[in-house]
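# Summary of the model geometry
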Amino acid sequence: MTTHNELRLLPWSGPEGNPCYLSTEGSGFLSRLADNTESVQLEVAAELLEHALEVLGDGETEPNELRLLAMDMTEALRDVRRVAISRGRRCR
């Protein structure tokens, strides 16, 4: 659990892609918003993974569709990585 002395990495970026941090005990509005955002990001990543397995299993996928899939997977991986880092810091 986050203490007053620790900063929580939020699941979104600030201006120019910089990381955002929150100093909290984990019970305020922004903490709940961050928790909900993380849940949505993880669910989107799971759904995208299922879609990727379908697309990659189809031998007739167009290159543009593969490129779009790779871009979407990259964004999802970035989000999941941020969630993992944030949760890892809070579990110490």
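Before any of the text, the structure's been laid out above.
What this report covers is the structure whose coordinates are included nearby. (Residues numbered from 1 in each chain as written. Predicted model: local features only at pLDDT ≥ 70, side-chain atom pairs only at ≥ 80, totals over all residues. Heavy atoms only, no water.)

### Some remarks on the overall build of the protein chain
When helices and strands are tallied, the protein chain shows two helices and two strands. Ordered by position from N to C terminus, the α and β elements of the protein chain give β-β-α-α. Taken against the 2.2 N^0.38 rule, which gives 12 Å for 92 residues, the C-alpha radius of gyration of the protein chain at 16 Å runs more than 25% over that of a compact globule. Counting only C-alpha atoms, the protein chain reaches 55 × 25 × 20 Å along its principal axes. (Helix = DSSP H or I, 4+ residues; strand = E, 2+ residues; numbered from the N terminus. Rg over C-alpha atoms; globule rule 2.2 N^0.38 Å.)

### Here's the deal with unusual backbone geometry
For glutamate 16, which is not glycine, the phi dihedral falls at a positive 65 degrees. Mapped onto the elements of the fold, glutamate 16 is located in the loop between strand 1 (7-13) and strand 2 (19-23). On the basis of relative accessibility, which here comes to 79%, the residue glutamate 16 falls in the exposed class. (Buried < 20%, exposed > 50% of the residue type's maximum accessible area, 1.4 Å probe, protein only.)

### Section: the packing of helix 1 (residues 29-57) against helix 2 (residues 63-91)
Relative placement of two packed helices is described by the angle separating their axes and the distance separating the axes. Direction vectors running N to C along helix 1 and helix 2 enclose 145 degrees, while the axes themselves pass 9 Å from each other. Helix 1 and helix 2 meet at a crossing whose hand is left-handed. Facing Asp35, Glu38, Gln41, Leu42, Ala45, Leu48, Leu49, His51, Ala52, Val55 and Leu56 of helix 1, the residues of helix 2 in contact are Glu65, Leu66, Leu69, Asp72, Met73, Ala76, Asp79, Val80, Val83, Ser86, Arg87 and Arg90. Of the residues contributing to the contact of helix 1 with helix 2, the split by class is 13 nonpolar, three polar and seven charged. (Axes fitted to C-alpha atoms, helices over the stretch in contact; angles between N-to-C directions. Left-handed = near helix turned anticlockwise from the far one by under 90°. Contact = heavy atoms within 4.5 Å. Nonpolar A, V, L, I, M, F, W, Y, C, P; charged D, E, K, R; others polar.)

### Notes on the environment of arginine 87
Along the chain, arginine 87 turns up in helix 2. A residue is classified by how much of its surface remains accessible, and arginine 87, at 34% relative accessible area, is partly exposed. Spatially, the C-alpha atom of arginine 87 lies 10 Å from that of proline 11, the residues being 76 residues apart in sequence. The residues contacting arginine 87, other than those within four sequence positions of it, are Glu38 and Leu42.

### Notes on helix 2
Along its 29 residues, helix 2 runs 41 Å from first to last C-alpha, staying within 8% of the 42 Å computed at 1.5 Å per residue. Among all positions of helix 2, only Leu69, Ala76, Asp79, Arg82, Val83, Ser86 and Arg90 are buried. Structurally, helix 2 contributes buried residues whose contacts are with strand 1 and helix 1. (Expected span 1.5 Å × (residues − 1).)

### As for the pattern of salt bridges
Side-chain pairs of opposite charge can arise whenever the charged atoms involved come near each other. Tallied over the entire structure, the rule returns five salt bridges. Residue glutamate 38 pairs with arginine 8 through a salt bridge whose shortest N-O separation is 3.3 Å. A residue pair is termed long-range when its members are at least 10 positions apart, and glutamate 38 in helix 1 and arginine 8 in strand 1 qualify at 30 residues. When sorted by exposure, glutamate 38 lands in the same class as arginine 8, which is buried. For aspartate 79, the salt bridge goes to arginine 82, with nearest N and O atoms at 3.8 Å. Of this pair, aspartate 79 and arginine 82 both sit in helix 2, three residues apart, which is roughly one turn of the helix. For the pair aspartate 79 and arginine 82, one class covers both residues: buried. (Salt bridge = Lys/Arg side-chain N within 4 Å of Asp/Glu carboxyl O.)

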